[in-house]
Amino acid sequence: MFEFLSQFIQRSILQGTALLFGSTGEIITEKSGNLNLGIPGIMYMGGICGVIGGFFYQNAAGRSINPVLAILIPLLASLLGSLAASLIYSFLTITLKANQNVTGLALTTFGVGFGNFFGGSLIKLVDSDVPSIALTKIAKVYKTTLPFAEKLADSENIFGKILYWFCQTFLSYGFMVYLAVIIALVAAMVLKKTRVGLHLRAVGENPATADAAGINVTAYKYFATCIGGMIAGLGGLYYVIDYANGVWSNNGFGDRGWLAIALVIFAVWKPNLAILGSYLFGGLYILFNYIDGASMQVIPLLKMLPYVVTIIVLIVVSMRKKKENQPPASLGLSYFREER
Amino acid sequence: MNNVAAVELVNVTKTFGSVVANKNVNMDVRKGEILAILGENGSGKTTLMNMLSGIYHPDEGQIYIDGKEAVISSPKDAFAYKIGMIHQHFKLVDVFTAAENIVLGIDDGKFDPKGISKKVEEISARYGFEIDPTKKIYEMAVSEKQTVEIVKVLYRGADILILDEPTAVLTPQETRKLFAVLRQMREDGKAVIIITHKLHEVLSISDRVAILRKGEHIATVNTAETDETELTELMVGQKVALNIERDEPQGSVDRLTVSHVNCVSREGVKLLDDVSFTAKSGEILGIAGIAGSGQRELLEAIAGLQHLDGGEITYVNPKNGEVVNLRDKNPKQIKELGVRLSFVPEDRLGMGLVGNMDITDNMMLRSYRRGKSMFLDRKRPKNLADEIIKSLQVVTPGTSTPVRRLSGGNVQKVLVGREISSAPSVLMVAYPVRGLDINSSYTIYNLLNTQKRNGVAVIFVGEDLDVLMELCDRIMVIGSGRITGTVDGRSCTKEEIGYLMTKTEKAENEEGGKG
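Since the model is a prediction, treat every value here as computed from it, not as a measurement.

Draft legend 1. Highlighting the state of the cysteines. All names here are of chain A. For the structure on display, the rule yields zero disulfides over all chains. With no disulfide of its own, Cys 49 lies 15 Å from the sulfur of Cys 226, the closest cysteine sulfur. We classify Cys 49 as buried; its relative accessible area is 12%.

Below, the structure is given as structure tokens:
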């Protein structure tokens, strides 16, 4: 039982981390009033750009992989890719004031295509037998766990077993799992406790007010959308390099981007709640593996569970009518200053 | 009062597309004085002040602050010049607390909520405000929100305060409080600019009055040396007859009977308390009362938009004399019976019109069900829109302009005009002249009189007692959801109505004292 629970929690966390990156990024973006539906596409682009960076580094380095570079190069490539995607979205919706939904959906379509195109090109380049490319060496670096965790778990007595269980469940991950939690906690802190957070929330709630108060609305929107996009992009990188052991296959990321957006609603725009939410979603997403005799027909139904939970949360939040739990008031609207 | 100019405007011009909002405006504000800016709707008062607060940038001309030329290209610049503006539509974030709103946009190092609250309380004590820094804006009444706005600019150390129609949403008591605060600021050596429509307020609070007409600065006069007649003349440019015509009601019969209506809010507050009255055809029934005493709920109850907790509303159909109970009907059926509501809310656009749709489409909101074709008939609504634009002198580039782009007064004309056009048998209008200039107001009064002559039962909810007394045949006074009295419009006195309006308020204060 212990074993089973430990394994399930572990897999939920592994599954949920990609969602956590995505939803933290989207929360930051939405707090500025930008409903970025391009997040799934941005996560794809973050993933493939990291893969491209890693691919060239692994090929160039040959046998001697430098762990620092193995981490930094894919990471920077990924950040750059998602920053570029976020800038496209920001320029269109903030500077040109294009419709946010249309822009976001277009960006998602673009991002998925971008990922599959370059993914396909790389597969061609290595002339592989299977339609995927593997960055196993880099994945190994990314998945390095905390060194003391395994040592601690060595003893045989009952205390050691509990410790072993604890380490297995919570300390057996690569650094990106912890990074996601740290980013979410920092984001929650910044939003709630700092002046920058206050200003950002004001921009998303009422940009005219923020403007009159002397806050640079455009800068905040650009800033939040780009930072948010880059964080979300890390989710794509995490998925390929860590979760999928460095194996890129086209469309492998699936609908996790949409799940991340649903998670924003689930977490009522609070990054700290998104941590728990993402692990819950991750668990629900893989639940079908743990239900005996789940047939092909039932699996999609089980995979729907996160969305069902989101709808229930929406209903509960709407019924309680608490103002603080509502989406940012100007979410999805462009801000025109000289409008009368 | 000394004679140092705090702000001086020289040849300031601002245009929006082809519309000239301000043209060659020259004026100044001195330290330690209250300057009133007076002008009709659309005369460019707000635009002019928005240029001082950095929302707009002048196309031509210079602004001098303390004798030095100033370039104010953003609200932040305005703060740097110690200019603070309290906008007519409050610029507050609803889900934030008062303190959070007050410090919004200020960058003075550490973010320290306790220190902020302390400073807010200091300012409040100095000028005599009451404010709870931790209260959320959405829980506040309008006057509290205004207080937050004022504290917000004072917190920034503003020396030049601009208030855009601050009294429009306040009760007389709240207005008195506000004026006391403004006088305190004057004593402090601050320059205060107040935009208002209300002449008696101009005369009671200001030291000088600047009059704007159609974007141009007409004159600045010393308040002590002027009177209402002169100011009105300067403002409108022509003498406006002050008499509203009033015919004797012809062949009045009972049209709408409201009996013992009760309505309780979600929080358990009695919004309407045993309200009974009769509206007769061919007469105008005025409803007077302090804002928020249940006027809105009463009208909505009749229109079928408000849930009732008791009582009956019966309607006599003029076509066949049939007596109908409106409580059994839904809003659409009530509308079809000829009971029409035209409510002008505080934000003017909130109810009845869709801002992004043009005038024609807004006409169609009332008629889209008509016609047998599966396609909409746009011709008749367009003709109606043209008619309203012509007869009510709506200033608009055309019928296809989104309503949102019209100025406040013109939006109201469209709203009231549409309801009247449907030939109702009961016409309810609430605050139809709110924020309108004198000429437009008279147009509305004449429209109501025409309806009265046609045998319509008109229910008029108004704020200005003088208008109610000149326009209405009977005036019913409502206070805290109760009808406190009904007086004859021809013979009553202002004191009488004022007494009825405040009667329940006193009772409530006593109750509050006990609790």
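Next comes the rest of the account.
Draft legend 2. Focus on helix H13 (residues 271–286) of chain A. All names here are of chain A. Here H13 contains 16 residues, and its C-alpha end-to-end distance of 22 Å stays within 8% of the 22 Å for a straight helix at 1.5 Å per residue. In terms of residue burial, H13 counts as a mostly covered element, since 12 of its 16 residues are buried. For H13, the set of buried residues is Pro 271, Ala 274, Ile 275, Gly 277, Ser 278, Tyr 279, Phe 281, Gly 282, Gly 283, Leu 284, Tyr 285 and Ile 286. Close packing links the buried residues of H13 with helix H1 (2–31), helix H8 (175–193), helix H12 (256–266), helix H14 (298–303) and helix H15 (305–320).

Draft legend 3. Representation of the sheet that holds strand E9 (residues 208–213) of chain B within the structure. Residues and elements named next belong to chain B. Pairing in this open sheet of six strands is mixed, and the strands run E6-E7-E8-E3-E9-E10 from one edge to the other. Strands with a single pairing partner mark the edges of an open sheet, and in this sheet they are strand E6 (83–86) and strand E10 (216–222). Between one strand axis and the next, the sheet turns through 20° on average, direction left out of account. Relative to strand E8 (residues 191–196), strand E7 (residues 160–164) is paired through five bridges, and the arrangement is parallel. When the bridges of E8 are listed, Asp 164 appears paired with Ile 195.

Draft legend 4. Looking closely at the interface of chain B and chain A. Residue-level contacts link 33 residues of chain B with 23 residues of chain A. Between chain B and chain A the total buried area reaches about 2500 Å² when both faces are included, carbon and sulfur atoms providing 54% of it. On the chain B side of the interface with chain A, the three residues burying the most area are Phe96(B), Leu104(B) and Phe111(B), jointly 21% of the side's total. Where chain B packs against chain A, one counts two salt bridges. Between Glu324(A) and Lys136(B) there is a salt bridge whose closest N-O contact spans 2.5 Å. Taken together, chain B and chain A are joined by six residue pairs in polar contact (both at pLDDT 80 or more). Mapped by element, the contributors of at least two residues to the side of chain B that touches chain A are strand E1 (5–16), helix H2 (75–80) and helix H3 (98–103) of chain B. In terms of residue count, the dominant contributor to the side of chain B that touches chain A is H2(B) (three residues). Of the residues assigned to the side of chain B that touches chain A, the class counts are 14 nonpolar, six polar and 13 charged.

Draft legend 5. Here's a closer look at the sheet that holds strand E14 (residues 312–316) of chain B. Residues and elements named next belong to chain B. Strands sit in the order E12-E11-E14-E15 across an open sheet of four strands; the sheet is antiparallel. Because the sheet does not close on itself, it has two edges, and the strands there are strand E12 (270–280) and strand E15 (323–325). Put simply, the sheet's adjacent strands are angled 15° from each other on average, direction ignored. Relative to E14, strand E11 (residues 254–264) runs antiparallel, the two sharing four bridges. Note that in E14 the partner of Thr 257 across the bridge is Thr 314. Contacts between helix H9 (residues 295–303) and the sheet are confined to E11, E12 and E14, with E12 contributing the most and set at about 65° to the helix.

About the criteria used
- Residues numbered from 1 in each chain as written.
- Chains lettered and ligands numbered in written order.
- Predicted model: local features only at pLDDT ≥ 70, side-chain atom pairs only at ≥ 80, totals over all residues.
- Heavy atoms only, no water.
- Disulfide = S-S within 2.5 Å.
- Buried < 20%, exposed > 50% of the residue type's maximum accessible area, 1.4 Å probe, protein only.
- Helix = DSSP H or I, 4+ residues; strand = E, 2+ residues; numbered from the N terminus.
- Expected span 1.5 Å × (residues − 1).
- Contact = heavy atoms within 4.5 Å.
- Pairing = 2+ DSSP bridges.
- Axes fitted to C-alpha atoms, helices over the stretch in contact; angles between N-to-C directions.
- Buried area = accessible area lost by both parts, 1.4 Å probe.
- Salt bridge = Lys/Arg side-chain N within 4 Å of Asp/Glu carboxyl O.
- Polar contact = N/O pair within 3.5 Å; in protein donor to acceptor, adjacent residues only side chain to side chain.
- Nonpolar A, V, L, I, M, F, W, Y, C, P; charged D, E, K, R; others polar.

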